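# Remarks on the overall topology
Residue-level listing of the chains:
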Amino acid sequence: MIRIASLVAFLAVVAALVFVPGVSPSRLATKQAGELLTATLTVPGPDGKDVERPLWKDILESRAVVTELDENGLEARVLRVGGAGFLTDIRREGEGYDFLWPSEVAKSVVRELRSIVEEEKLDISIEAYKKPDPDGFTVLADVKEDTYRLTATIGRSPGEEFLGSREVPRKRVSKLSLLPPLVAIFFAILLRRPIIALFSGVWVGAFLVRWLAGESAATAPLGGFKDVFTKYLGEQLKSQARTEIILFVVFMLAMVGILTRAGGIRGIMNSIAGLARDARKTQIATWLMGLTIFFDDYANTILVGSTMRPLADKYRVAREKLAYIVDSTAAPVAGVSILSTWIAFEVSTFSAQLPDAGLGANQGYAIFLQTLPFRFYCWFTLIFVGMIVLSGRDFGPMLTAERRARSGKLLRDGATPLVGKAATELEAREGVEPRATTALLPLAVFVFTTLGTIIYTGCKGLGVFAEKGSEAAAKLELLSPLQFATGILYEGSGETPLMYGAIAGFVVAAILALLRGLGAGEILMAALNSLKAMGVAIVILYLAWMVGAACSDLSTAAYLSATLTEAIPYMLLPVILFLLAGLIAFSTGSSWSTMTILLPLVIGLAYDIGFAGTPEGFDPRTFGLGLMVISIGAVLEGAIFGDHCSPISDTTVMSSIACASDHVDHVRTQAPYALLTMFVALFVGYLPVTFFQLPWWIALLAGSAVLWGFLMLKGKRADVA
């Protein structure tokens, strides 16, 4: 029945792709203008050798960047923004010229420049594009059928003082860019074979990239098949960040294997056994443990899932249920924690755009704190998981899975767990006394090594070790305690600390195992047994990243954004942004990239729409800022929701790995719970808060009551047949 429903849904989406009118190619081109800033030109370098120089350097190293005194009396470098022009030869038949197009070009360029400044850690602020500065830089975008040229000059009119120009083949963006994720998701549900499904999505994406670039339909499939390996796989294999994620997962699972053989995991189980004496209490313990690992979602997923799995197996908790609890506490708790690796990243995605709403770029943390009450999806998800584990009730496919598990089948017949039996059936060596400290010490080493590396790297990046009296030290003194703490977490976050933490934990686990009498060969075999069948999981992770790369090449996110953000009434803006973020994250498998794409668009858009649509009796500026805060929260929540539901999300895959669950079964059983929470977040949260200005705390209470009522009405206990 589920497969038939999937087929019907897929055909409906295909029909929509065919019959729904697409976005104007010219309008899409205005949103792509910023991409040309990274286009390069070969020029002679300082040493006489040729170097590739991007257009953004021509702009940021020009006299358009001036030094001024900021509000604290310190010297600050500011990029002045001039005007923009837009020429297009790709208008549809009968389509007129929209005089807002040049403004869209300028906004696209400014957003991309702000991202570049952030990524390159350049000390340059970029003012909002409102009124052209006669001494600022000006861009002219010229779009033709096959090429796209962006020219930068100084002065209000293009041509006054030439800075640079880049021309690239025009990227054709259309509704076909939605096909790769749709194909991957459709086949994942229909075939329950994630590798085949994800590979199909990458291949379709690689084919479309070639075909839309002008290659014939006869040769593009073969060329696309070649690109799957030489381009998309090659790029991922070269990525240091991807390698560090894989090493983190490998060493964490190997550490858990050693701890199991050395009696550490059994010791933890015995310690918890006094509290978790049945399936329900084991799930409660898992939920509580998930809430305590709030500093990083990856660490939360692997640590909680792999540690609690033996206890969950003992009390016959379905692997799908364990994966749901782990997955639903990882990103939501990290997303709303003010001391996590997420907060500084989230702030960085929108703080540079705050001048578009008349605020300072340094007010990002204050705005983030204001969004916390409106993070309805995360709050409702964490609350709903608690309701489920405390009540012992389930519904839908999760109830079926739980009843199957209570009868002794932790996995359905034919399921393919992402960790093999050699790992899940690994036991302590006979004669080894179970001790919780054998496991707790390596886990503590992992946590403190990870946090220590984050703090050291963050302090270094933030300038804590800078000489007194230096510019970096002076700026450091201006930070609030919250900005300082979250700045350290941001500067130090990434995959590297997690990898170092996992390696340190693995080494300590091996040493403790030796001290407990295990031989070196036995320790090695315990580690290798825990990694059996990991090959499938690693392939799935890489394929998920490859689908995301193909979507990036096809500008899937840009197409969705341009399609769904036109003519939005203020009452519906947070709802539409939530759904748009969810769709992009679901399609690309990444919440962070979704935030990066959408949040720079939202600040000015939400403020302007709120200001213009202010109801009678409200102050326009206050109302505009309020809508902006709610809209930021909606994008953050929609991104987490889409990532939560997506089978190509790396955190979803990691949950399946840590809990040794069949990946498609995890996605299928989790989806009804995530969708219910999403509907409550929209219809009890964002809509009433925006339409009727309902206080946020009433929305949270009402939403929690709705979730509890639904669970009492539809949920049943797995222990009662």
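Scroll up to find the structure.
We now turn to the structure provided with this report.

Definitions and cut-offs
Residues numbered from 1 in each chain as written. Predicted model: local features only at pLDDT ≥ 70, side-chain atom pairs only at ≥ 80, totals over all residues. Heavy atoms only, no water. Helix = DSSP H or I, 4+ residues; strand = E, 2+ residues; numbered from the N terminus. Buried < 20%, exposed > 50% of the residue type's maximum accessible area, 1.4 Å probe, protein only. Contact = heavy atoms within 4.5 Å. Areas by Shrake-Rupley, 256 points an atom, 1.4 Å probe, with all protein chains shown as cover. 1 Å grid on protein atoms, 1.4 Å probe; cavity = no way out; pocket = protein on both sides within 12 Å on 5 of 7 lines; lining within 4 Å. Points joined across faces, edges and corners; volume = space filled by probe spheres on them. Nonpolar A, V, L, I, M, F, W, Y, C, P; charged D, E, K, R; others polar. Salt bridge = Lys/Arg side-chain N within 4 Å of Asp/Glu carboxyl O. Expected span 1.5 Å × (residues − 1). Phe/Tyr/Trp six-rings, centres within 6.5 Å; stacked < 30°, edge-to-face > 60°. Axes fitted to C-alpha atoms, helices over the stretch in contact; angles between N-to-C directions. Parallel < 35°, antiparallel > 145°, perpendicular 65-115°, else oblique. Pairing = 2+ DSSP bridges. Polar contact = N/O pair within 3.5 Å; in protein donor to acceptor, adjacent residues only side chain to side chain.

When you go through the protein residue by residue, the secondary structure sums to 30 helices and 11 strands. Every one of the 721 residues in the protein was classed for burial, and the buried ones make up 55%. Sequence separation of 24 or more characterises 76% of the internal contacts of the protein that already satisfy a separation of 6 or more. Split by element, the accessible area of the protein, about 29,400 Å² in all, is 64% carbon and sulfur.

Counted according to the given criterion, the structure contains one cavity of 30 Å³ or more. Space inside the largest cavity adds up to approximately 30 Å³. Counting only elements with at least two residues in the lining of the largest cavity, the list comes to α12 (319–336) and α27 (620–645). Each residue belonging to the lining of the largest cavity can be placed in one class, and the counts come to three nonpolar, two polar and two charged.

A few words now on the pattern of salt bridges. Per the counting criterion, the structure on display carries 27 salt bridges. Here Lys 321 ties to Asp 394 by a salt bridge, and the two come within 2.9 Å at their closest N and O atoms. Here Lys 321, found in helix α12, pairs with Asp 394, found in strand β10 (residues 393–394); they are 73 residues apart in sequence, far enough to count as distant. When sorted by exposure, Lys 321 lands in the same class as Asp 394, which is buried. Salt bridges sharing partners connect three or more residues here, namely Arg 53, Asp 58, Glu 61 and Arg 166.

Another aspect to go through is helix α15 (residues 376–391). With 16 residues, α15 extends 22 Å from end C-alpha to end C-alpha; this agrees with the ideal 22 Å at 1.5 Å per step. Among the 16 residues that make up α15, 13 are buried, leaving the element largely enclosed by the rest of the structure.

Considering all chains together, one arrives at 23 aromatic pairs under this definition. The interplanar angle of 75° and the centroid separation of 5.8 Å between the aromatic rings of Phe 86 and Trp 101 together place this pair among those described as edge-to-face. With Phe 86 in strand β5 (residues 81–88) and Trp 101 in helix α4 (residues 101–120), the pair connects residues that are 15 residues apart, well separated along the chain. Each member of the pair, Phe 86 as well as Trp 101, carries the same accessibility label: buried. Among the aromatic residues, those joined into a cluster by ring pairs are Phe 374, Phe 376, Tyr 377, Phe 380, Phe 578, Phe 641 and Tyr 686.

Moving on: the packing of α27 against helix α29 (residues 663–692). Orientation of α27 relative to α29, taken along the N-to-C sense of each, is 170°, at an axis distance of 10 Å. Relative to α29, the element α27 is oriented roughly antiparallel. Where α27 approaches α29, its residues Leu 627, Ile 630, Gly 633, Ala 634, Glu 637, Phe 641, His 644 and Cys 645 are matched on the opposing element by Val 667, Gln 670, Ala 674, Leu 675, Met 678, Tyr 686, Val 689 and Thr 690. In the contact of α27 with α29, the residues fall into 11 nonpolar, four polar and one charged.

Pairing between the strands of a sheet comes from backbone hydrogen bonds, and it takes one of two forms, parallel or antiparallel. In spatial order, the strands read β3-β4-β6; together these three strands make up an open sheet with mixed pairing. The open sheet has two free edges, formed respectively by β3 (65–69) and β6 (124–126), since each of these has just one partner strand. The average undirected angle you get between the axes of adjacent strands in this sheet is 40°. Two strands pair when backbone bridges link them, and β3 and strand β4 (residues 75–79) are joined in this way by five bridges, in the antiparallel orientation. Within β4, the residue paired with Val 66 across the bridge is Val 78.

Bringing the pairing of strand β1 (residues 40–44) into the picture now. For β1 and strand β2 (residues 50–54), the ladder comprises five bridges, and the chain directions are antiparallel. Its bridge partner being in β2, Thr 40 is matched across the sheet by Pro 54. Joining the antiparallel neighbours β1 and β2 is a turn of five residues, in which Gly 48 adopts a positive phi near 90°.

Along the chain, Ser 646 falls in the loop between α27 and α28 (650–658). The buried category is assigned to Ser 646, whose relative accessible area is 0%. Among the polar contacts made by the side chain of Ser 646, one reaches the main-chain carbonyl oxygen of Phe 586 at a distance of 2.9 Å. Not counting residues within four places of it along the chain, the set of residues in contact with Ser 646 comprises Ala 585, Phe 586, Gly 589 and Thr 652.

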